[in-house]
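# A closer look at the structure
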Amino acid sequence: MTPILTEQQRALWHQLLPLGGGREGAIVITCHRGPDGDAVGSATALASWLRRHHPEADIHIVAPNIFPDFLKWIPGAEDILIYEGHEDEVRPIVEAADLVIMCDHGELKRMWTLGDIVRDHPTPRIMIDHHLDPEPDIADLVISHPELSSTCEVLLRVMLELDSNITRSEATSLYTGMMTDTGAFTYASNRPEIFELISILLSCGIDKDKIYRNIFFTYSPNRMKLMGYLLYVKLDVWKKAHTSVMTFTNAERRRFGALNGDTEGFVNMPLQILGMKLSVFLREDTEHPCIRVSLRSVDDFPCNEMAAEFFGGGGHKNAAGGEVWGTMDDALALVKKAVQKYMPLLKAE
Ligand code: 5GP
Ligand code: MN
């Protein structure tokens, strides 16, 4: 496998770590808002790996907001500090950091207000990510590989290049991110190196079958019923555009007693319909007056371009997201406009 770290990046890594000066200093690892398997997986693996290499360092993981219950079993996830709702306790920890390492996002605004805290502090920063077009000058060391499946894949390769010794827990975290960002290796996963890396993780002792069950076989009765309801009542198929749209409101959230993360993955299901090219899932945010937009596609349809152009977001070719600051009707109107604009691509055989 060709190395992904350049000599310059490797030198910069060693310059930024350890922090020296008689003490190892404080490191804060962050991830994007709405942490997913790749965000939690990369942050926890990195924290564990750094703790082993820099035992004197004070290392914290800070997430901008809560993450879904089905990620809570990930080794080290129990130690993640949540910024939203605990600002007064967590802000001083971020402000005291000697180094901030950002995982799984290329823009500070994806951390919302936590991003402002990081931006306002003159602390050196490292970014480890796989999203297209990272924000210019986001970090002193930018390790960005949009061609790789996940931040966990990027991090695993960095770790292997710096020290091939990886623990079973770290391997478990890393496999989780690689698996969740590829829909259990059903998209963005045709590169042979991915399977070489999985082989290495298996040698570290991971139970990949159990990881799969921990992530995907965790429905509560309510979640299963909600899925049935959304597919039966809320799924709108726009046949000519090979597009499907599902909406989920806070009233429905209350009706089904849905918990944070309960709709995760539902956006992928309509792509199982023969001929479907694009699936759109619109979900009312629980804390802000906005609609979260999730886009998924097959083959060459560029979800990231649609997300950037219409929903102030981004992501990857087959999986992207963004927001609409308005009502569900506003969001639906925008989706119609976006689908209209992309109709030639959606209609093409
Ligand atoms: P999801 O639909 O699961 O929220 O997000 C799918 C993908 O799009 C993820 O890889 C995520 O990182 C990316 N994404 C989601 N929301 C945004 C956003 O607001 N901005 C950008 N740049 N990427 C996003
Ligand atoms: Mn990711």
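## Side note on the overall build of the protein chain
For the protein chain, the count of helices and strands is 13 helices and twelve strands. Whereas a compact globule of 349 residues would reach a radius of gyration of roughly 20 Å, the protein chain reaches 20 Å, a difference of no more than 12%. When its C-alpha atoms are laid out on the principal axes, the protein chain stretches across 65 × 45 × 40 Å. By the burial criterion, 53% of the 349 residues in the protein chain qualify as buried. Intrachain contacts of the protein chain at a sequence separation of at least 6 include 65% that bridge at least 24 residues. Accessible surface, the protein chain: about 15900 Å² in total, of which carbon and sulfur atoms supply 53%. Within the protein chain, one finds 34 positive and 49 negative side-chain charges whose respective centroids are separated by 8 Å.

## Details of the domain arrangement of the protein chain
Examined at the domain level, the protein chain breaks down into domain 1 (7–215) and domain 2 (221–347). Each of domain 1 and domain 2 has a C-alpha centre, and these two points are 27 Å apart. Tallying the contact residues gives 13 residues for domain 1 and 15 residues for domain 2. Carbon and sulfur atoms make up 50% of the area that domain 1 and domain 2 hide from each other, which totals about 1100 Å². Counting across the domain 1 and domain 2 interface gives one salt bridge.

## Focus: the packing of aromatic side chains
Under the definition given, this model contains eleven aromatic pairs. Judged by centre distance (5.6 Å) and plane angle (45°), the ring pair of Tyr 175 and Phe 185 falls under tilted. Of the two residues, Tyr 175 is situated in helix 6 (residues 168–180) and Phe 185 in the loop between helix 6 and helix 7 (192–203); the sequence distance between them amounts to ten residues. Given the relative accessible area of 17%, Phe 185 is considered buried. Ring plane angle 85° and centroid distance 5.5 Å describe the contact between Tyr 212 and Phe 217, whose orientation is recorded as edge-to-face. In this structure an aromatic cluster arises from ring pairing among Phe 301, Phe 310, Phe 311 and Tyr 342. Positioned above the aromatic ring of Trp 112, the side-chain terminus of Arg 33 is 3.9 Å from the ring centre.

## Things to note about the nonpolar core
The biggest cluster of nonpolar side chains holds 57 residues, and the ones touching the most others in it are Trp 13, Ile 29 and Leu 50. Take this core: its biggest share by element is eight residues, from helix 2 (residues 37–53). Look past the residues within four positions of Ile 29 in its chain and what remains in contact with it is Ala 43, Leu 46, Ala 47, Leu 50, Ile 59, His 60, Ile 61, Val 62, Ile 101 and Cys 103. Ranked by size, the runner-up nonpolar core spans 25 residues in total, among them Leu 278, Leu 295, Met 306 and Val 339.

## Let's talk about the side chain of Thr 180
Checked against the element boundaries, Thr 180 lands in helix 6. On the basis of relative accessibility, which here comes to 18%, the residue Thr 180 falls in the buried class. Of the polar contacts made by the side chain of Thr 180, one reaches the backbone oxygen of Gly 177; its length is 3.4 Å. Those residues in contact with Thr 180 that lie beyond four places of it in its chain are Gly 37, Asp 38, Tyr 187 and Ile 215.

## Considerations on the sheet that holds strand 6 (residues 141–144)
Reading across from one edge, 3-2-1-4-5-6 is the order of the six strands in this open sheet, with parallel pairing throughout. Edge positions in the sheet fall to strand 3 (81–82) and strand 6, since each has one partner strand and no second. Pairing analysis gives five bridges linking strand 1 (residues 26–31) to strand 4 (residues 99–103), with the strands arranged parallel. Opposite Val 28, over in strand 4, you have Val 100 as the bridge partner. Most of the contacts of helix 1 (residues 7–16) go to strand 6, to which it runs at about 130°, and overall it touches strand 4, strand 5 (125–129) and strand 6.

## Observations regarding the site of ligand 1
Neighbouring ligand 1 are 14 residues; Arg 110, His 131, Arg 292, Ser 294 and Arg 296 lie closest to it. Within the side chain of Arg 296, one N or O atom sits 2.9 Å away from an oxygen atom of ligand 1. In the environment of ligand 1, an oxygen atom lies 3.3 Å from a nitrogen or oxygen atom belonging to the backbone of Gly 321. Protein coverage of the free-state accessible area of ligand 1, which is 500 Å², stands at 85%.

## A short note on helix 6
In this model, helix 6 (13 residues) spans 18 Å end to end at C-alpha, consistent with the 18 Å of a helix rising 1.5 Å per residue. Here helix 6 lies mainly inside the structure; eleven of its 13 residues are buried. Within helix 6, burial applies to Glu 170, Ala 171, Thr 172, Ser 173, Leu 174, Tyr 175, Thr 176, Gly 177, Met 178, Met 179 and Thr 180. Next to the buried residues of helix 6 lie helix 2, helix 5 (151–162), helix 7 and helix 8 (208–216).

What counts as what
Residues numbered from 1 in each chain as written. Chains lettered and ligands numbered in written order. Predicted model: local features only at pLDDT ≥ 70, side-chain atom pairs only at ≥ 80, totals over all residues. Heavy atoms only, no water. Helix = DSSP H or I, 4+ residues; strand = E, 2+ residues; numbered from the N terminus. Rg over C-alpha atoms; globule rule 2.2 N^0.38 Å. Buried < 20%, exposed > 50% of the residue type's maximum accessible area, 1.4 Å probe, protein only. Contact = heavy atoms within 4.5 Å. Areas by Shrake-Rupley, 256 points an atom, 1.4 Å probe, with all protein chains shown as cover. Lys, Arg positive; Asp, Glu negative; His and termini not counted. Charge placed at Lys NZ, Arg CZ, Asp CG, Glu CD. Domains from an automatic or database assignment. Buried area = accessible area lost by both parts, 1.4 Å probe. Salt bridge = Lys/Arg side-chain N within 4 Å of Asp/Glu carboxyl O. Phe/Tyr/Trp six-rings, centres within 6.5 Å; stacked < 30°, edge-to-face > 60°. Lys NZ or Arg CZ within 6 Å of the ring centre and 35° of its normal. Core = buried A, V, L, I, M, F, W, Y, C linked by side-chain atoms within 4.5 Å. Polar contact = N/O pair within 3.5 Å; in protein donor to acceptor, adjacent residues only side chain to side chain. Pairing = 2+ DSSP bridges. Axes fitted to C-alpha atoms, helices over the stretch in contact; angles between N-to-C directions. Near = heavy atom within 4 Å. Expected span 1.5 Å × (residues − 1).

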